[in-house]
Amino acid sequence: SPPFHLSAPPQMLRRALGRAPSAVGWRQGIALADPLNSLRLGALVSLKDSSWLPQCRAMSSGWSQGMYAERHNPDPTHGRARWHKLDVSKRMEQDKPILGALNPKEYDEKHGRWWFTRKEEERPKLYTTIGRHARSKKLKRTIVRFAYKSKNLRALVRDPYRKRWPKNDQVGARFFAEFCLKDFEKRTMLETAHTLPLYGVACKFWRGKDAETPDTRGQFFVASSSEYRVRPIRGQLRGTQYHNGRPMRDGIAAVAKSLGSWRYEFPAGGHPAVYRPAFPRMLSAEQDAAEGEAE
């Protein structure tokens, strides 16, 4: 066996190689390769005693301490991080989204959509959509709405118009006007048109970053007919699509009608008795804003 350890300083390696028996070929090893090269040195040493082989194998595989460590910045993982992934991935460390949570809990319970606790985690109740009957849970499992990875469950999770079950003190004008009073970024085109005279007929619609964004690109939509099945969330708003200020197609629905950030403008020369300005804000909305600032 070699009379030294492979991690010894270079001076000790040279002295040990000089005193090694000639039958093993240590002097030839000095001439053939640098003694610091552990791989070539391992091929020249005697194989009678193989107790040192696991040490050389560890260095060649990258599992020994400081194999890939920088000179002034030791690797705390001893080289394992470059060969294998970390024990916990970043995806597992991230917080998973709550199943079916489209709005905060306070907002949902304020409008009659209740949450419950499951395995120490709060999540919203997946009520069926407004205007449709709830399917019985006693039906065949292939069509049960809670079958995971099914189209029915995906529809429930993404549905923004779930049924509401408010308390007696929550029933009021604000409850029925929930969808029309949504934020500008979330209010769809149908919900915006429902607040306008004639449900938006002859009005000009376009999308903007905020409620004051003007139409600068000439891409807008002028509604010619409006028909609601369930007001103000479901219906059809058809009209003419404009590009660069020129009409491109007539009798179609607007692009991105189910998204938010819709601006509008009354038609030029409209009768003031029909296209009148919007109603002032509700007193309750001003009180809620004042309470929020006080908190």
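Residues numbered from 1 in each chain as written. Predicted model: local features only at pLDDT ≥ 70, side-chain atom pairs only at ≥ 80, totals over all residues. Heavy atoms only, no water.

**Observations concerning the nonpolar core**
Here is a general trend for soluble globular proteins: nonpolar side chains tend to be buried in one another's company. Test applied: Buried Ala, Val, Leu, Ile, Met, Phe, Trp, Tyr and Cys residues form a nonpolar core when they are joined through side-chain atoms within 4.5 Å. Accessibility here uses a 1.4 Å probe with only protein chains present; expressed as a share of the type maximum, an area under 20% marks a residue as buried, one over 50% as exposed, and anything in between as partly exposed. Put simply, DSSP H or I for four residues or longer makes a helix, DSSP E for two residues or longer makes a strand, and each gets a number counted from the N terminus. Two residues form a contact once any of their heavy atoms are found within 4.5 Å.
By size, the foremost hydrophobic cluster in this structure holds 13 residues, and its most contacted members are M189, F205, F221 and L237. Elements that contribute at least two residues to this core include exactly α10 (189-193) and β4 (220-230). Ignoring sequence-local partners within four residues, the contact set of F221 consists of M189, C203, K204, F205, L237, R238, G239, T240, Q241, I252, A253 and A254.

**Regarding the pattern of salt bridges**
The condition is simple: Think of a salt bridge as a Lys or Arg side-chain nitrogen and an Asp or Glu carboxyl oxygen that are within 4 Å of each other.
Applying the stated criterion across every chain yields a total of 7 salt bridges. A salt bridge links E178 to R113, with the nearest nitrogen and oxygen atoms 2.4 Å apart. Of this pair, E178 sits in the loop between α9 (173-176) and α10 while R113 is found in the loop between α7 (105-110) and β1 (115-118), placing the two residues 65 residues apart along the sequence. Using a relative accessible area of 3% as the deciding quantity, one classes E178 as buried. K182 serves as the salt-bridge partner of E191, at 3.2 Å between the closest nitrogen and oxygen. For the pair E191 and K182, one class covers both residues: buried.

**Regarding unusual backbone geometry**
With an omega of 0°, the peptide bond between R231 and P232 qualifies as cis. A positive phi angle, close to 55°, is found at Y199, a residue other than glycine. With respect to the secondary-structure elements, Y199 resides in the loop between α10 and β3 (204-207).

**Quick look at helix α8 (residues 151-158)**
Operational definition: The directions from the helix axis to the C-beta atoms are what the arc is built from.
Within α8 the residues assigned to the buried category are L153, L156 and V157. Taken down its axis, α8 places every buried residue within 100° of arc, on the same side. Exposed side chains of α8 directed beyond 90 degrees from the buried face belong to K151 and R158.

**A word on a negative patch on the surface**
Stated precisely, the cut-off is as follows: Residues forming no salt bridge and having over 30% relative accessible area are the ones grouped into patches, like charges within 9 Å of each other and nonpolar side chains (Val, Leu, Ile, Met, Phe, Trp, Tyr) within 5 Å. We get accessible surface area from the Shrake-Rupley algorithm with a probe of 1.4 Å; when it comes to residues, only the shown protein chains can shield them. All tallies of charge rest on Lys and Arg as positive and Asp and Glu as negative; His and the ends of each chain are not included. We put the charge of a Lys on NZ, of an Arg on CZ, of an Asp on CG and of a Glu on CD.
Where like charges cluster on the molecular surface, the negative patch consists of D183, E185, D210 and E212. With respect to the helices and strands, the residue E212 is situated in the loop between β3 and β4. Here E212 falls in the exposed class, since its relative accessible area comes to 66%.

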